[in-house]
Amino acid sequence: MLRILILLLTVTMSLSACAVPDRTQQVAADGKPPPKVYRIRGGEANKIQYRMLDSVNALRSAAGAGPVQMNSQLNAAAATHSRDMSVQNRPWHFGSDGSSPIDRVQRVGYPGIMIGEVISETYETELETLAAWMDEKGTREVILDPRAINMGFEWFQDPNGKIWWTLIMGG
């Protein structure tokens, strides 16, 4: 009986070593696995905004710049632009009506100056997006600009999961 048990165990282990690997895993055009979709739920908006604000202020503090505060007018300008980029299906700084970032900030009645706008089209979280922005000289300079005292941050998520992020710094 023991011989039969050992024989069955040996056969089972041998057959499991011959398993065919799963080749159904999808890959993107770059040969890597496709990005995981980060789904934003309705109740997460404030958490996401303040997580970004806290992260930006930590980076600014490390760079010797003062903190910024969330500004509802800049949030409104950022929300408008995020939705408009989705409609246009391209990440760029001009609105479908030809508006510039300065135009959008003026339209919402922001009394200060617009220092800069940072945008992204991605499936990544807000913190992964911030990390990517900090890796680029131009966007890093906008985020760390010592003149900034206000920040607006919003997004629009397409049904397929793509997120259009907009961050605006004002002074």
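Only a predicted model underlies this, so the values are computations on that prediction, with no experimental measurement involved.

Enquirer: Could you clarify how one ought to interpret the overall build of the protein in this entry?
Expert: Counting its secondary structure elements, the protein contains six helices and four strands. Excluding contacts between residues fewer than 6 apart, the proportion of contacts in the protein whose partners are at least 24 apart in sequence is 68%. Looking at the protein as shown, the accessible area adds up to about 10400 Å², and 58% of this sits on carbon and sulfur atoms.

Enquirer: Would you take a moment to explain helix α5 (residues 126-134) for this structure?
Expert: An α-helix turns once every 3.6 residues. As a result, residues three or four positions apart point the same way. Within α5, burial applies to Glu-126, Thr-129, Leu-130, Trp-133 and Met-134. Along the axis of α5, the buried positions cluster into a sector of 140 degrees, meaning they face one direction only. If you follow the buried residues of α5, they end up packed against α2 (45-62), β2 (114-122), α6 (137-144), β3 (150-157) and β4 (163-170).

Enquirer: It is not clear to me how the pairing of β2 should be interpreted in this structure. Could you clarify?
Expert: On a regular strand, one side chain projects to one face of the sheet and the next to the other, so that they alternate. Counted residue by residue, β2 has eight buried out of nine residues, so it is predominantly covered. Bridging between β2 and β4 involves eight bridges; their strand directions are antiparallel. Note that in β4 the partner of Glu-117 across the bridge is Ile-168.

Enquirer: Could you clarify how one ought to interpret the sheet that holds strand β1 (residues 69-70) in this entry?
Expert: Sheet strands line up and pair through hydrogen bonds in the backbone, either parallel or antiparallel. Taken together, four strands build an open sheet; the order of strands is β1-β3-β4-β2 and the sheet is mixed. Strands at the two margins of the open sheet, each flanked by one partner only, are β1 and β2. Docked against the sheet, α2 engages β1, β3 and β4, running at close to 135 degrees with respect to β3. On top of the sheet, α6 reaches β2 and β4; it is set at about 130 degrees to β2, its chief contact.

Enquirer: Sorry, what's going on with the pairing of β3 here?
Expert: Where burial is concerned, most of β3 is hidden: eight out of the eight residues are buried. Taking every second residue as pointing to the same face, both faces of β3 are buried, with Asn-150, Gly-152, Glu-154 and Phe-156 on one and Met-151, Phe-153, Trp-155 and Gln-157 on the other. Pairing of β1 with β3, which is carried by two bridges, proceeds in the parallel orientation. Within the sheet, the bridge partner assigned to Gln-69 lies in β3 and is Asn-150. In this antiparallel pair of consecutive strands, β3 and β4, the connection spans five residues, and Gly-161 shows a positive phi of 100 degrees.

Enquirer: Mind showing me how you'd approach α6 here?
Expert: Regarding α6, the residues found buried are Val-142, Ile-143 and Leu-144. Contacts made by the buried residues of α6 are with α2, β2, α5 and β4.

Reading the values: rules and limits
- Residues numbered from 1 in each chain as written.
- Predicted model: local features only at pLDDT ≥ 70, side-chain atom pairs only at ≥ 80, totals over all residues.
- Heavy atoms only, no water.
- Helix = DSSP H or I, 4+ residues; strand = E, 2+ residues; numbered from the N terminus.
- Contact = heavy atoms within 4.5 Å.
- Areas by Shrake-Rupley, 256 points an atom, 1.4 Å probe, with all protein chains shown as cover.
- Buried < 20%, exposed > 50% of the residue type's maximum accessible area, 1.4 Å probe, protein only.
- Arc of directions from axis to C-beta.
- Pairing = 2+ DSSP bridges.
- Axes fitted to C-alpha atoms, helices over the stretch in contact; angles between N-to-C directions.

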